[in-house]
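Below, each chain spelled out in residue letters.
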Amino acid sequence: MSSVAVLTQESFAEHRSGLAQQQVKVTALNSEEENDPPTYKEAFPPLPEKTPCLEAAQEPAGPWSKIRPIKASVITQVFHVPLEERKYKDMNQFGEGEQAKICLDIMQKTGAHLELSLAKDQGLSIMVSGKLEAVMKARKEIVARLQTQASATVAIPKEHHRFVIGKNGEKLQDLELKTATKIQIPRPDDPSNQIKITGTKEGIEKARHEILLISAEQDKRAVERLDVEKVYHPFIAGPYNKLVSELMQDTGTRINIPPPSVNKTEIVFTGEKEQLAQAVARVKKIYEEKANSFTVSSVSAPSWLHRFIIGKKGQNLAKITQQMPKVHIEFTEGEDKITLEGPTEDVNVAQEQIEVMVKDLINRMDYAEINVDHKFHRHLIGKNGANINRIKDLYKVSVRIPPDNEKSNLIRIEGDPQGVQQAKKELLELASRMENERTKDLIIEQKFHRTIIGQKGERIREIREKFPEVIINFPDPAHKSDIVQLRGPKNEVEKCTKYMQKMVADLVENSFSISVPIFKQFHKNIIGKGGANIKKIREESNTKIDLPAENSNSETIVITGKRANCEAARHRILAIQKELANITEVEVSIPSKLHNSLIGTKGRFIRSIMEECGGVHIHFPTEGSGSDTVTIRGPAQDVEKAKKQLLHLAEEKQTKSYTVDLRAKPEYHKFLIGKGGGNIRKVRDNTGARIIFPTSEDKDQELITIMGTEEAVKEAQKELEALIKNLDNVVEDSMVVDPKHHRHFVIRRGQVLREIADEYGGVMVSFPRSGTQSDKVTLKGAKDCVEAAKKRIQEIIEDLEAQVTIECTIPQKFHRSIMGPKGSRIQQITRDYGVQIKFPDREENPAPVAEPAVQENGEDGGEGKDGKDADPSSPKKCDIIIISGRREKCEAAKEALQALVPVTIEVEVPFDLHRYIIGQKGSGIRKMMDEFEVNIQVPAPELQSDIITITGLATNLDRAKAGLLERVKELQAEQEDRALRSFKLTVTVDPKYHPKIIGRKGAVITQIRTEHEVNIQFPDKDDESQAQDQITITGYEKNAEAARDAIMKIVGELEQMVSEDVTLDHRVHARIIGARGKAIRKIMDEFKVDIRFPQSGAPDPNCVTVTGLPENVEEAIDHILNLEEEYLADVVDNEAMQVYMKPSSHEESKAPSKGFVVRDAPWATVNNEKAPDMSSSEDFPSFGAQVAPKTLPWGPKR
């Protein structure tokens, strides 16, 4: 509850004098001794009595009263839609369906706030709140979308129509907007005087009224305006406008009453003067009669209480309006009053009810306003409103925080007075804490953001849990920003910054990348069967290895991780390649200044050398490294060729390099190069110049570059230009091809013709259409190209005429093996021998051999000729592979296919070694099968067989057999070694020495085990059956004996040791031991002794035991006695100082406390009651629920 006090000059003087007296009293109280306690009124002065709000409001405000009140920017309007005008009547549940969606849409579009309620008559009441402009827009939308549309006509003289339209139609547009209707005025050439109005009933009434007003103003007859209060208009109009209609009929006067929605009080009369006077008199009479039975009243209520009086969705107000429907209650935003209009009796009853409600709310409600910088508002609200909802629930208050777009700092708290104060205190504390926060921008490259956040935010969640008080904000990926913002307490932000910087440093270190060029044919070997090889390299080197796609032309493998790990993985991958092929590596020294010119634009020059020399890899050092070493890797012969070309090119660059660019159509390039590079090699050999053609990756596909000495380049240019000119000389020629061969050229969408066109400078070859028996084939293109194409077609025809088909019989079970993975082996044979190979369809269920049928009456049991001629020795259809091509090539292909048929051999291996050959989860046998490309079959254990079967190509079997036998030798050697290593030795040692032999955390025994490569087993203390003095050593005989000697040496030293007790003052024990035993460990290491201090509760707290060799023990005792003497002096000095020190708070607290005592307390005056017990929950009950622990301003801990 809030109260207002008016401060005058006299009251201010009284206030000052009262304050001075109070200060004197306080001083006197402080000077009094503690045993003279203050009175209850002195200790707890009463609060000043409240001044009623109404009295304060009635006080004269002096010059301030002249200032005009500022109108509220927020208004509230109520619209009523009768049942018959509602667009959506049939709804299962109020507040759902299309009507609710439309209301939400209107709120979003206009920014106004809508509240819907359903009256008893099923009419719809809509309360719209917001700024004037927003309310008007919302009103227009409501009328258009929630009310049914009707139409009406109004007749006014034709000459008045132009006044309704206005200048440039502005008046008509304004009228349509104001009334939310559509007004159609007849055209000037139309004789009709009827104006059509379309819209809601209310809108039509408004528009009709406005049009009639305009007409009345223009009417030549008398016009009179009568000002009648708005509340009396319904009584003058009568039910359904019956009364005003009768009045107009009786007097012949036009009476225009503004509709309820128009805020005008004027009633306009138009007509003859005498009749007009009668009409005015009758209206005045009705007004005077009704004025005496109608009241307008107001109730004073602070504006902040209005929403509590209205209640949730108008519930509180609905109770009053349902009892007294004729009373109109109006609330004005920002004004401290409520206006009531209606019949006197009803208004008085409603006024009483509202006054009771206001009084009750004032007694139990209060409000407070606090200023908090709007930038902290979202932190006060918390994630999903967690903070603010907790405060609301905890203190039973309502907290109104302005929206972000208002940029207002004012937060309003309303509710129970005590709750308001507590909520205010907590919000201010949170705001104050946020002002002491620190914001730091951390620059982290955007490419690392996703990694730091982790999959589904796992990593960032860990960081947030580690630093719960720090808010971490990452920028939007679309903004391409590197700034990560941290916000929270200074120390926590610093710790989080260091942690994240370390994480980024690790990411940078692990993001080193290296590219390794590997010949495409070896990629599958690097991957291994089922990815075994690449997985192993990745795991062991802790790197990420990316291989190019199978259908890609790239040969580069990219390795990412730490630099050292990347280098190790690169070395292993190159080793696999080197092992598989005759790959050599050569280093060439070329001055670094020439590297860029040798590489060329986007690597054009160097790529041409690499392709020409069989695809060798040439690696230049990184730019800026200053290294002159260029590495060439590939088959020995190709490497040597590339080295010569590279050195020759470098020499030319150093002496007199000259470059010229030529242009030729891309389709000519293949012809210029020639088959196998023959044409271009001829030009190069003749001139000595280097000619570089564009690759498929180059943008300019027409550019040909010639490099070398000026003379050589010009000569090569001349030769190439002559060839290009010749190609541009287009001719047409024809040749004869037997129609039976036409199909071979045009099948598969003319693939053969496309290949000819690509190879011979884009020459066009046209075969006659199918159905025509013509044998003439037309060729069009460059003269040389046409001749070459004719020659190639002739060669193909010769091949076709010489083509034969042979059969190769191989059992169907081997077909899949012959084809190879994805048919790779068969594709290789077709390419190598230029033949076509067709495999038969697979026979899924071979039919069993049927018994011969019994013959009856001399008839054959079989059906037809086939049954008679069937030869059981003839090969099955599913085993026959068809090969087509030239006879000699078909025979060669047949031999190649038969060479691919797998062969099986048997190898004898001792049964006890089988499990070692198989390896853990079959890894050993799998490795051998991958390495030798064979299948190895080990017999089942229950067979106890020594025979292992190897199946594969004949060329691989010998290697596989040798490899298997080599593995057997290794395993037998391991068995022998295992037998030698299992030698056992037992040493007898007194159990009291066992802990010393083991050492601290097993350090001593681990060293013996590692040094001598043996296993040492001590007896189990819990096992009584074991001899407790026996130590078992297992290993090679020689090593076991050496380990035994080492143990016996330790035992010998231990037997020489002595233990002595020394008295040390217990007060210096802690100083001698040091932090975490650091000091005492140093002493023990220095003197090679063991020092034991007494445990708490020991009989003699000063007794310390020192164990070791006699001379070491003596030295150690002397040392610690010296330390005792030194530390004891400090202890004595400290104790002496304590005498002069004030007794500790701990000792003071032991004295019984009297608590806070006052005289003349209320409980002491009546029946001599005792003071209330502060620890009692009865005397001091808690307020509501327990106070929850404070939540941090940046949200709850996750």
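Relevant structure appears above.
Residues numbered from 1 in each chain as written. Predicted model: local features only at pLDDT ≥ 70, side-chain atom pairs only at ≥ 80, totals over all residues. Heavy atoms only, no water.

I keep staring at the sheet that holds strand S7 (residues 222-227) and nothing clicks. Help me out?
Backbone hydrogen bonds hold the strands of a sheet together, and the pairing may be parallel or antiparallel. Pairing is antiparallel in the open sheet, where three strands are placed in the order S7-S9-S8. This sheet does not close on itself; its edge strands, each paired only once, are S7 and strand S8 (254-256). Neighbour to neighbour, the strand axes of the sheet diverge by 20° on average, direction disregarded. As paired strands, S8 and strand S9 (residues 266-271) are joined by three bridges and run antiparallel to one another. Among the inter-strand pairings, Asn256 is bridged to a residue of S9, identified as Val268. In the packing of helix H8 (residues 201-218) onto the sheet, contacts are made with S7, S8 and S9, and the angle to S8 comes to roughly 130°. Along the sheet, helix H11 (residues 273-291) makes contact with S7, S8 and S9, crossing S7 at roughly 10°. (Pairing = 2+ DSSP bridges. Helix = DSSP H or I, 4+ residues; strand = E, 2+ residues; numbered from the N terminus. Axes fitted to C-alpha atoms, helices over the stretch in contact; angles between N-to-C directions. Contact = heavy atoms within 4.5 Å.)

Is there a simple way to explain the side chain of Glu426 in this structure?
Tracing the sequence through the fold places Glu426 in helix H17 (residues 417-435). Note on Glu426: relative accessible area 7%, which makes it buried. One polar contact links Glu426 to Tyr395, side chain to side chain, over a distance of 2.6 Å. Discounting chain neighbours no more than four positions away, the residues touching Glu426 are Arg390, Ile391 and Tyr395. (Buried < 20%, exposed > 50% of the residue type's maximum accessible area, 1.4 Å probe, protein only. Polar contact = N/O pair within 3.5 Å; in protein donor to acceptor, adjacent residues only side chain to side chain.)

I would appreciate a short explanation of helix H38 (residues 954-981) in the present structure.
A turn of α-helix holds 3.6 residues, and therefore any two residues three or four places apart point the same way. Here H38 contains 28 residues, and its C-alpha end-to-end distance of 41 Å stays within 8% of the 40 Å for a straight helix at 1.5 Å per residue. Residues of H38 that are buried include every one of Asn956, Leu957, Ala960, Gly963, Leu964, Val968 and Leu971, and no others. Against strand S34 (903-908), helix H36 (914-918), helix H37 (923-932) and strand S36 (947-952) lie the buried residues of H38. (Expected span 1.5 Å × (residues − 1).)

Help me out: how do you make sense of the packing of aromatic side chains in this one?
Working definition: an aromatic ring pair is given by the centre-to-centre distance plus the angle between the planes. Applying the stated criterion across every chain, the model contains three aromatic pairs. Between Tyr232 and Tyr287, the ring centres sit 5.1 Å apart and the planes meet at 80°, which makes this aromatic pair edge-to-face. Of this pair, Tyr232 sits in the loop between S7 and helix H9 (233-237) while Tyr287 sits in helix H11, and the two are 55 residues apart along the sequence. Aromatic pair Phe467 and Tyr499: ring centres 5.7 Å apart, planes at 65°, arrangement edge-to-face. Taken as a pair, Phe467 in the loop between helix H19 (458-466) and strand S17 (471-473) and Tyr499 in helix H20 (residues 490-509) lie far apart in primary sequence, 32 residues in all. Looking at Phe467, the relative accessible area reads 7%, which means it is buried. Owing to a relative accessible area of 32%, Tyr499 belongs among the partly exposed residues under this scheme. (Phe/Tyr/Trp six-rings, centres within 6.5 Å; stacked < 30°, edge-to-face > 60°.)

Please explain the pattern of salt bridges as it appears in this structure.
Oppositely charged side chains are able to pair whenever their charged atoms sit close together. A complete count under the given rule lists 26 salt bridges for this structure. Here Glu426 makes a salt bridge to Arg390, at a shortest N to O gap of 2.3 Å. Here Arg390 lies in helix H16 (residues 386-395) and Glu426 lies in helix H17, a separation of 36 residues in the sequence. In terms of burial, Glu426 and Arg390 fall into one category: buried. Residues Glu702 and Arg663 are paired through a salt bridge, measuring 3.8 Å at the closest nitrogen-oxygen approach. With Glu702 in the loop between strand S26 (690-692) and strand S27 (703-708) and Arg663 in strand S25 (residues 658-663), this pair connects stretches of sequence that are 39 residues apart. Residue classification places Arg663 among the partly exposed residues on the basis of a relative accessible area of 47%. If you follow the salt bridges from partner to partner, you end up with Glu369, Arg412 and Glu414 in one network. (Salt bridge = Lys/Arg side-chain N within 4 Å of Asp/Glu carboxyl O.)

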